[in-house]
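Commentary on secondary and tertiary structure
Each chain is listed here by its residues.
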Amino acid sequence: MEINERSISGAVHILSLDGEMDLYNATDLKDTVTEMFVRGIKHLVIDLEQLEYIDSSGISALLFTYTQCRTRSVDLAFINVRGSVRRVIELTSLIGFFPIAENLTEALSRFGVRQG
Amino acid sequence: MNAQTFREPTRLILTESGSTYFLSRNQRLQRFRLHDGREDYGLQLSDYTPSSLQKLIASGMVRKLEFPVVDSVARRDVVIDYVKLVQYGALYFHAREAARRFALTWPQAEQWNRRNPRSTMGSPEFLLVARKLFDERVRELQQAKTLLEMRVRSVYNGLLREIDLQVEKQDREKAQQTTRRIIEYLPPEVWFIWLLFQHSDEGRRYVQDIAGGIARILRYTAIADYLALLIVELMVYMQHRERDTNSESRVLYLLTQFSTAPGRVEGGTKTQYLLSTGPVRFEALKADLEEVQKSVGGQRRSLEQFYRSIDDGSDSNPGLFYVSFLEEACERVGASFESSVRDAANGGMLNLVFTM
């Protein structure tokens, strides 16, 4: 799995996950977001559009991100949740639990941030 | 479904109709001892297309399948595709049998059988008569299929509205494809009766009832995906355990058995998945599954409680909890799912049963 970070005006940080997130690399996401928390980010978007597969370890990493954001009062949105990734999130009944937005525009609107 | 060829040496145990079909084509059947410890007659497939295997399942020719997985991590895409093809095959078979039973309850079927004792419905003679009628009325038959597809779509959309279910575009497309496949596999009795009285009020009710039945069956489609994800998760988990013990054996066997569920009034279809384990994996799996069942506590905890108990999610692995999630998902669509671990001669079997 590849993790790419970009930001909008330095305020909203977007992590795009590409490939497969499983037992062998799920900790990469945990490490990345932990490092971002140290930097003091306030708004985080996780883009799952290019994520082709996720297993329970990956779900665990998303849960970690969610609980850490809540604890640290960081705004979070998962966007572009589709295909087999959506199926796993549906199966684990996390659809209503996770802050899922349709796309980046909707995520920014929830954060109250205007897209420049 | 990918248009790939499966190259796993799959053992296929036939039903009576499957045996008759292959024996009449001079295909010799082999005797196997499967990983459930039973001996059976069947065929060994070395490579095959998903559609050919699915067609056999949908036609009710397959009783059991044994599929080996050498490395479930590297081959998880194959396992996912395989489980989906098997489960969709079972779904088509279920729809086919339900539609046949329904069609035969109509007075027109009874009347036909009374007037035509030499070609009663289901007999080989009937199939010849039906084929002749279908050849004569190709256009009407095609129109009937198109009409049924439209009716199913309309009833399905109504069902979704009723349960206030948000369905993604790709799920709607999948439902449409599944509807077409179900229609393709419907038995000749269904179309024959339809062609006899299609323009009457009764005929319209007949179409509507069949469309309603198919639309209800469509609710099971997500379960096929969930089952595939659960089985991969369990296989990877079991293989991971095996690596801990430094065993050289890295092959897991997925045994599938199809049967009907006797307790169901409408005649349900049961698909049973058995995952074979070695002695070490068996004990570990049994202990872990018991732990999950204990923490679920006989009475299902709310998801919120479950996720809160995971704390920060840092060390959690909800893979085994998929079993519990799948039970809930099945209940929501009127199906059932059970899981257990049982002893077998050379270790154990993880037993997953899905009943439509």
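Since we're looking at a predicted model, the values are computed, not measured.

Scanning chain A for helices and strands turns up four helices and six strands. Taking 13 Å as the expected radius of gyration for a compact globule of 116 residues, we find that chain A reaches 13 Å, a close match to that expectation. If one aligns the C-alpha atoms of chain A with their principal axes, the spans along those axes are about 35 × 25 × 25 Å. Residue burial in chain A is summarised as follows: out of 116 residues, 57% are buried. Restricting the contact set of chain A to residue pairs at least 6 apart, pairs at least 24 apart contribute 68%. Carbon and sulfur atoms make up 44% of the accessible area of chain A, which amounts to about 4,900 Å² in all. The positive charge centre, built from 11 side chains, and the negative charge centre, built from 16, are 10 Å apart in chain A.

Below, the discussion takes up helix α4 (residues 107-115) of chain B. All names here are of chain B. Those residues of α4 that fall on the buried side of the exposure criterion are Gln 108, Ala 109 and Trp 112. Seen along its axis, α4 keeps its buried residues to an arc of 100°; they face one direction. Those residues of α4 that are exposed and aimed more than 90 degrees away from the buried face are Glu 110 and Arg 114. As for α4, its buried residues are in contact with α3 (76-104), α5 (124-136), α8 (188-197) and α9 (201-218).

Right, let's get into the pattern of salt bridges. Residues and elements named next belong to chain B. This structure, assessed with the given rule, holds 26 salt bridges over all chains. The partner of Lys 64 in a salt bridge is Asp 40, with the nearest N and O atoms 3.1 Å apart. Within this pair, whereas Lys 64 is found in strand β4 (residues 62-69), its partner Asp 40 is found in strand β3 (residues 39-45), the two being separated by 24 residues in sequence. Across this residue pair, the class does not change: Lys 64 and Asp 40 are buried. When the shortest N-O distance is used, the salt bridge between Glu 97 and Arg 100 registers 3.2 Å. Here Arg 100 and Glu 97 lie together in helix α3, a separation of three residues that amounts to about one turn.

Right, let's talk about the environment of B:Leu255 for a bit. Residue and element names in this part refer to chain B. Its place among the elements puts Leu 255 in strand β5 (residues 252-261). Sequence separation of Leu 255 and His 35 is 220 residues, and the distance between their C-alpha atoms is 7.4 Å. Not counting the four nearest positions on each side in its chain, Leu 255 is found in contact with Leu 34, His 35, Asp 36, Leu 65, Glu 66, Gln 272, Tyr 273 and Leu 274.

Attention shifts here to the layout of surface pockets. Residues and elements named next belong to chain B. In this model, the second largest pocket occupies a volume close to 880 Å³. Lining the second largest pocket are 26 residues, and of these Ser 59, Arg 96, Arg 100, Leu 127 and Pro 188 lie nearest its centre. Where the lining of the second largest pocket is concerned, the elements lending two or more residues are α1 (16-23), α3, α5, α6 (138-162), α7 (169-185) and α8. Sort the elements by how many residues they give to the lining of the second largest pocket and α5 lands first, with five residues. Each residue belonging to the lining of the second largest pocket can be placed in one class, and the counts come to 12 nonpolar, five polar and nine charged. Of the residues that make up the lining of the second largest pocket, three or more belong to each of domain 1 (10-92 + 221-355) and domain 2 (105-218).

We now examine a negative patch on the surface. Taken together, the side chains of A:Glu2, A:Asp18, A:Glu52 and B:Asp77 define an acidic patch exposed on the protein surface. Inspection of the secondary structure puts A:Asp18 in strand β2 (residues 12-21).

Before going further, it helps to spend a moment on the packing of aromatic side chains. Residue and element names in this part refer to chain B. Evaluation of the coordinates by the stated rule reveals 21 aromatic pairs over all chains. Ring geometry for Phe 6 against Tyr 82: centres 6.0 Å apart, planes inclined by 90°, an arrangement best described as edge-to-face. With Phe 6 in the segment before β1 (10-14) and Tyr 82 in helix α3, the pair connects residues that are 76 residues apart, well separated along the chain. Accessibility classification places Phe 6 together with Tyr 82 in one group, the buried group. Through a chain of ring-to-ring contacts, the aromatic side chains of Phe 102, Trp 106, Trp 191, Trp 194, Phe 197 and Tyr 206 assemble into a single cluster. For Lys 145, the ring lying beneath its charged end belongs to Trp 191, and the centroid distance is 5.5 Å.

Moving on, we come to the domain arrangement of chain B. Residue and element names in this part refer to chain B. For chain B, the assigned domains read domain 1 (10-92 + 221-355) and domain 2 (105-218). The interface of domain 1 with domain 2 comprises eight residues on the first partner and seven residues on the second. Carbon and sulfur atoms make up 56% of the surface buried where domain 1 meets domain 2, a total of about 780 Å² over both sides. Per-residue buried area on domain 1 facing domain 2 is highest for Leu 91, Tyr 92 and Thr 221; these three make up 61% of the total on that side. Our enumeration of links across domain 1 and domain 2 arrives at one salt bridge. For Lys 174, the salt bridge goes to Asp 225, with nearest N and O atoms at 2.8 Å. For the interface between domain 1 and domain 2, the tally reads three residue pairs in polar contact (both at pLDDT 80 or more). Here the residues of the side of domain 1 that touches domain 2 sort into four nonpolar, two polar and two charged.

Calculation rules
- Residues numbered from 1 in each chain as written.
- Chains lettered and ligands numbered in written order.
- Predicted model: local features only at pLDDT ≥ 70, side-chain atom pairs only at ≥ 80, totals over all residues.
- Heavy atoms only, no water.
- Helix = DSSP H or I, 4+ residues; strand = E, 2+ residues; numbered from the N terminus.
- Rg over C-alpha atoms; globule rule 2.2 N^0.38 Å.
- Buried < 20%, exposed > 50% of the residue type's maximum accessible area, 1.4 Å probe, protein only.
- Contact = heavy atoms within 4.5 Å.
- Areas by Shrake-Rupley, 256 points an atom, 1.4 Å probe, with all protein chains shown as cover.
- Lys, Arg positive; Asp, Glu negative; His and termini not counted.
- Charge placed at Lys NZ, Arg CZ, Asp CG, Glu CD.
- Arc of directions from axis to C-beta.
- Salt bridge = Lys/Arg side-chain N within 4 Å of Asp/Glu carboxyl O.
- 1 Å grid on protein atoms, 1.4 Å probe; cavity = no way out; pocket = protein on both sides within 12 Å on 5 of 7 lines; lining within 4 Å.
- Points joined across faces, edges and corners; volume = space filled by probe spheres on them.
- Nonpolar A, V, L, I, M, F, W, Y, C, P; charged D, E, K, R; others polar.
- Domains from an automatic or database assignment.
- Patch = residues over 30% accessible without salt bridge, like charges linked within 9 Å, V, L, I, M, F, W, Y side chains within 5 Å.
- Phe/Tyr/Trp six-rings, centres within 6.5 Å; stacked < 30°, edge-to-face > 60°.
- Lys NZ or Arg CZ within 6 Å of the ring centre and 35° of its normal.
- Buried area = accessible area lost by both parts, 1.4 Å probe.
- Polar contact = N/O pair within 3.5 Å; in protein donor to acceptor, adjacent residues only side chain to side chain.

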